[in-house]
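Geometric and topological summary
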Amino acid sequence: MTSHQHGQQPSEGPVHAHGHRHAAEDMLSVEEAYERVMASFQTLEAEEKPLLDCMGQVLAEDILSPLALPPLANSAMDGYALRHSDIAGASQENPSNLRVIGLVAAGQMPDKSVAPGTAVRIMTGAPVPDGADTVVPFEETDEVQRKKEGKPLDQVAIFADMPVGCNVRPAGEDVSLGALVLKKGTVVRAAEVGVIASLGLDKVKVIRRPVVAVLATGDELENLGAPLTGGKIYDSNSFSVAASVAASGGIPKILGIARDNLGDLNAKLEATAGSDLVVTSAGVSKGDYDIVKDVLNERGEMNFWSVRMRPAKPLAFGHLNGPGGKNIPLLGLPGNPVSAMVAFEMFARPAIRTMLGKVKIPRPVVEGVLTGPIHNDDGRRVYARVEVELKDGKYHATPTGPQGSNILTSMSRANGLAICPEDLPVKNAGDQVQIIMLDWNEEVQV
Ligand code: AMP
Ligand code: MG
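This report concerns the structure included in the present document.

Description of the side chain of R380
- The topology assignment puts R380 in the loop between β22 (374-375) and β23 (381-391).
- Side-chain polar atoms of R380 contact the backbone oxygen of M309, separated by 3.0 Å.
- Aside from chain neighbours lying at most four places away, what touches R380 is M27, V307, R308, M309, R310, K313, C420, P421 and E422.

Side note on the sheet that holds strand β8 (residues 155-158)
- The strand order across the open sheet formed by 5 strands is β7-β4-β6-β5-β8, and the pairing between neighbours is mixed. Looking along the sheet, the strands with just one partner apiece sit at the ends: β7 (134-137) and β8. Each adjacent strand pair in this sheet contributes to an overall mean axis angle of 40°, direction not counted.

What about the packing of aromatic side chains?
- Enumeration according to the criterion identifies 3 aromatic pairs in this entry.
- Ring plane angle 45° and centroid distance 6.2 Å describe the contact between F41 and F317, whose orientation is recorded as tilted. A residue pair is termed long-range when its members are at least 10 positions apart, and F41 in the loop between α1 (30-38) and β1 (46-50) and F317 in strand β19 (residues 314-321) qualify at 276 residues. Exposure class is identical for F41 and F317. Each is buried.
- Look at W305 and F317: their rings are 6.3 Å apart centre to centre, the planes differ by 35°, and that puts the pair in the tilted class. Of this pair, W305 sits in strand β17 (residues 300-306) while F317 sits in strand β19, placing them 12 residues apart in sequence.
- On the basis of relative accessibility, which here comes to 4%, the residue F317 falls in the buried class.
- Following the ring pairs from residue to residue traces out a cluster consisting of F41, W305 and F317.

A word on the environment of Q434
- Along the chain, the position of Q434 falls in strand β27 (residues 432-437).
- What makes Q434 partly exposed here is its relative accessible area of 38%.
- Spatially, the C-alpha atoms of Q434 and G283 are 31 Å apart, while their sequence positions differ by 151 residues.
- If near-sequence neighbours (up to four positions away) are discounted, Q434 is found in contact with V365, V366, E367, L417, A418 and I419.

The rules we used
Residues numbered from 1 in each chain as written. Chains lettered and ligands numbered in written order. Predicted model: local features only at pLDDT ≥ 70, side-chain atom pairs only at ≥ 80, totals over all residues. Heavy atoms only, no water. Helix = DSSP H or I, 4+ residues; strand = E, 2+ residues; numbered from the N terminus. Polar contact = N/O pair within 3.5 Å; in protein donor to acceptor, adjacent residues only side chain to side chain. Contact = heavy atoms within 4.5 Å. Pairing = 2+ DSSP bridges. Axes fitted to C-alpha atoms, helices over the stretch in contact; angles between N-to-C directions. Phe/Tyr/Trp six-rings, centres within 6.5 Å; stacked < 30°, edge-to-face > 60°. Buried < 20%, exposed > 50% of the residue type's maximum accessible area, 1.4 Å probe, protein only.

Structure representation (structure tokens):
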């Protein structure tokens, strides 16, 4: 039997004696499907990498400081390092006159100590000489005047009494030697890169990124760049899914298009070797050629679910008996482009973030006002594509047009998914809604 003769078989979900499929009670709730998927994932192992390559990854070890920061007491200003007791009570009318015995710039070590009645010119970041306890900035001295008048800088008049210790940054002020600077589990952002660099460390141990194999299935799919012939469409799912993998912190590995026949699908699945997760699209619903189900059933322990959500009702999840007998979790997304992206968002993204060791798995959820209705005709939880704007201190969610699961451009116009609960037939304009924020950026002004 060729794939095209592949018979109409009851495929998805329990079939009741009276023949109805997908009655609401047969469907899994989103939460239940989520729990079942997530039970298969845990934090991956660590890898050691050059510091800059670790952005967005999670520290796999505590970072203890091999040094004090700053290593030496140093000046916070360009000015004069002196003894506070020499300037007690100084003012414009009654300045303290000190003898200037030297200069110290950043990167140098002072070669003199400051004795009573003396001062050292000092630049920002330069180590404070022994004996000095305070730095008075140039602005509070006659330095500028002396320079103007061409006078030598071997003397200085101090015009202000400043608190003892002023403008001296003590050694270890930021970090003391041996201190726990960054905890295991911290996400490396630009600030952490800076902190780690300030400790002189050029390599870090982080949780490695998961490799996610991405496989499209369908006889109708054409590769980008090839001309479209009758009945074909371009394979967009491979790209939206691979992009979503990368945006979630994983490493996408595009396996291409498997045709709707056992041989091709089996061959393409060979390339899943070494991946931490396989994400397929299409072939998991009720059509004649949805043979992904057959192959997966043969090659692993798979479950095919109807999830009580719209879009993205059909979902497959289980373990593929992959190349070399290794079990690899497999998530079978529905084929419709929006369903694929929404199912990825709900199930694949949290799985990837869990493997990355991230604790913040869900997106931010905000409460907002709907500006147009969301309909719910069959008791599923609706995730409506909306554009969220902040106006007069409130979030306003506007549905981005037709909500068919094939209308991918409406996903592109959306920055959030507004929820209509399963038990509510409609959310009307003016109603409050929960919105999952897909993008959390300046356009929403947060
Ligand atoms: P299926 O689950 O195979 O019945 O596919 C559902 C719908 O999604 C059909 O209209 C397919 O043509 C479409 N589809 C499946 N795979 C892709 C893909 N990779 N890119 C774009 N559309 C797809
Ligand atoms: Mg198909």
